[in-house]
Amino acid sequence: MKKQILSGIQPSGILTLGNYLGALRNWIKIQNDYDCKFFVADLHSITVDQNPIELRKNIKSAIMQYIACGLDPEKNTIFMQSHVHEHAELGWILNCSTYMGELSRMTQFKDKSKKQANIKVGLFDYPVLMAADILLYDADYVPVGEDQRQHLEIARDIAQRFNSTYNKEIFKLPEAFITENTARIMSLQEPTKKMSKSDENKEATIFLLDDRETVLRKIKKAVTDSENIIKYSDEKPGIKNLMNIYSAISEKTYKQIEEECKDLGYGKFKQIVACAVSDVLDPIQKKYYELSSSENDEYLKSICKKGAETAQKTAEKKLKEVYDAVGFIV
Ligand code: AQP
């Protein structure tokens, strides 16, 4: 039997080059070798304010972007998180096995809550829902970027505590799935900060649907330094980020890039990076716009319906076991 993999992305905007190089591209590489479930994390996305009209568009768009990037709906279970109500239900049960203290230590909560005037309980509780997502399906591996590793650790702690409280191996302990060359892509405007969908400065983020001209403009405006030397160094976060992007796409090492670009200067180097990025995005966008024709509405709905039904078969069984263990009448 193939090992189980589970992962998701929040539909909090158009997906970014960070989502692609840090997550989606790896999902595509592993889709033949594992039993994969990939969901659109719509429940997670409302932990910060969302406009309902935009959210609805972004959810559908995320499904299309998954497929346009190369996820095969025949090989993978693709679904929307809110279509499988067991996620929220298990989330509640796990809330009752999680301590305030451990959630307060989560760096994502600390970072994101700084940007909010009124911090929502859901944002604080985000890792518990993520634990429910993972534990419902007995996921063996969860492909996570460095930024999500702390959330995976807490999912393991919650699972272990639950199993020992109820003296039964209900939950499998998930492992992080680390793929080589998983890039962490930083903001083009503040290169010490992660590139994010919801960055207020849209020039800081490359979206998967940005056209060639936009990609070139954003990369040309990317913050660098005044040295004009292409060298991979922590002291040059802007150039380091562009080299990371170029290396992730071209699979060239930093040494090779330094050698190839040593006489170019930043202007030319930026053009090369922008061109490499757009060459990756062009076929994704072509497929995306094909999918977005209204003729495909039923096709997309059927993928999500089938995905939710498949996911629910497993989720339903697991939730019953959990309800039984805690003493509910099932
Ligand atoms: N900049 C990034 N570099 C590498 N990997 C990234 N991921 C996200 N941004 C980068 C990876 O994508 C997966 C899903 O992330 P998500 O969109 O669900 O949540 P997030 O990490 O909070 O992403 P954003 O864009 O920053 O969302 P918003 O703006 O809504 O807060 C994860 O595997 C993540 O590692």
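Note that the coordinates shown come from a computational prediction; the quantities given were computed from them, not determined experimentally.

Definitions and cut-offs
- Residues numbered from 1 in each chain as written.
- Predicted model: local features only at pLDDT ≥ 70, side-chain atom pairs only at ≥ 80, totals over all residues.
- Heavy atoms only, no water.
- Domains from an automatic or database assignment.
- Contact = heavy atoms within 4.5 Å.
- Buried area = accessible area lost by both parts, 1.4 Å probe.
- Salt bridge = Lys/Arg side-chain N within 4 Å of Asp/Glu carboxyl O.
- Helix = DSSP H or I, 4+ residues; strand = E, 2+ residues; numbered from the N terminus.
- Nonpolar A, V, L, I, M, F, W, Y, C, P; charged D, E, K, R; others polar.
- Core = buried A, V, L, I, M, F, W, Y, C linked by side-chain atoms within 4.5 Å.
- Buried < 20%, exposed > 50% of the residue type's maximum accessible area, 1.4 Å probe, protein only.
- Axes fitted to C-alpha atoms, helices over the stretch in contact; angles between N-to-C directions.
- Parallel < 35°, antiparallel > 145°, perpendicular 65-115°, else oblique.
- Left-handed = near helix turned anticlockwise from the far one by under 90°.
- Near = heavy atom within 4 Å.
- Polar contact = N/O pair within 3.5 Å; in protein donor to acceptor, adjacent residues only side chain to side chain.
- Areas by Shrake-Rupley, 256 points an atom, 1.4 Å probe, with all protein chains shown as cover.

## Comments concerning the domain arrangement of the chain
For step 1, the next point in the chain: Taken domain by domain, the chain comprises domain 1 (4–182 + 296–326) and domain 2 (202–290).
For step 2, the next point in the chain: Relative placement of domain 1 and domain 2: their C-alpha centres are 30 Å apart.
For step 3, the next point in the chain: Taken residue by residue, the interface counts 15 residues in domain 1 and 14 residues in domain 2.
For step 4, the next point in the chain: Interface of domain 1 and domain 2: buried area, both sides summed, is about 1,300 Å²; carbon and sulfur atoms make up 74% of it.
For step 5, the next point in the chain: Counting the surface domain 1 buries against domain 2, the share from its top three residues, Ile 14, Leu 17 and Ala 68, is 38%.
For step 6, the next point in the chain: Counting every contact that joins domain 1 to domain 2 gives 0 salt bridges.
For step 7, the next point in the chain: For the side of domain 1 that touches domain 2, the elements supplying multiple residues, two or more each, are α1 (17–30) and α3 (52–69).
For step 8, the next point in the chain: Examining the composition of the side of domain 1 that touches domain 2, we find that 6 residues originate from one element, α3, more than from any other.
For step 9, the next point in the chain: Classifying every residue of the side of domain 1 that touches domain 2 gives 10 nonpolar, 4 polar and 1 charged.

## Observations regarding the nonpolar core
For step 1, the next point in the chain: By size, the foremost hydrophobic cluster in this structure holds 59 residues, and its most contacted members are Leu 24, Tyr 66, Ile 206, Ile 219, Leu 242, Phe 269 and Val 277.
For step 2, the next point in the chain: Broken down by element, the residue count for this core peaks at 10 residues, all from helix α12 (residues 265–291).
For step 3, the next point in the chain: Inspection of this core shows a minimum of three residues originating in each of domain 1 (4–182 + 296–326) and domain 2 (202–290).
For step 4, the next point in the chain: Membership of the second largest hydrophobic core comes to 38 residues, among which are Ala 41, Val 128, Ala 132 and Val 142.

## What to know about the packing of helix α6 (residues 107–114) against helix α7 (residues 121–135)
For step 1, the next point in the chain: As a packed pair, α6 and α7 sit with axes 10 Å apart at the nearest point and diverge in direction by 160°. Judged on the interaxial angle alone, α7 and α6 are roughly antiparallel. Considering the relative orientation of α6 and α7, their crossing is right-handed. Residues Gln 108, Phe 109, Lys 112 and Ser 113 of α6 lie in contact with α7, whose contacting residues are Leu 123, Phe 124 and Tyr 126.
For step 2, the next point in the chain: The class makeup of the residues in the contact of α6 with α7 is 4 nonpolar, 2 polar and 1 charged.

## Section: the site of the ligand
For step 1, the next point in the chain: In the region of the ligand, 20 residues are neighbours, and Ser 12, Lys 194, Ser 196, Lys 197 and Ser 198 sit closest.
For step 2, the next point in the chain: Within the backbone of Met 195, a nitrogen or oxygen atom sits 3.0 Å from a nitrogen atom of the ligand.
For step 3, the next point in the chain: Interatomic distance of 2.3 Å between a side-chain N/O atom of Lys 197 and an oxygen atom of the ligand.
For step 4, the next point in the chain: Relative to its unbound accessible surface of 650 Å², the ligand loses 96% to contact with the protein.
For step 5, the next point in the chain: Among the secondary structure elements, those contributing two or more residues to the shell around the ligand are β1 (4–9) and α1.
For step 6, the next point in the chain: For the shell around the ligand, the element with the most residues is α1, which contributes 4 residues.

## A look at the environment of Lys 2
For step 1, the next point in the chain: Considering the arrangement of structural elements, one finds Lys 2 in the segment before β1.
For step 2, the next point in the chain: Taking the C-alpha atoms as reference, Lys 2 lies 9.2 Å from Cys 36; in sequence the two are 34 residues apart.
For step 3, the next point in the chain: Reaching out from Lys 2, the side chain makes a polar contact with the backbone oxygen of Asn 32 at a distance of 3.1 Å.

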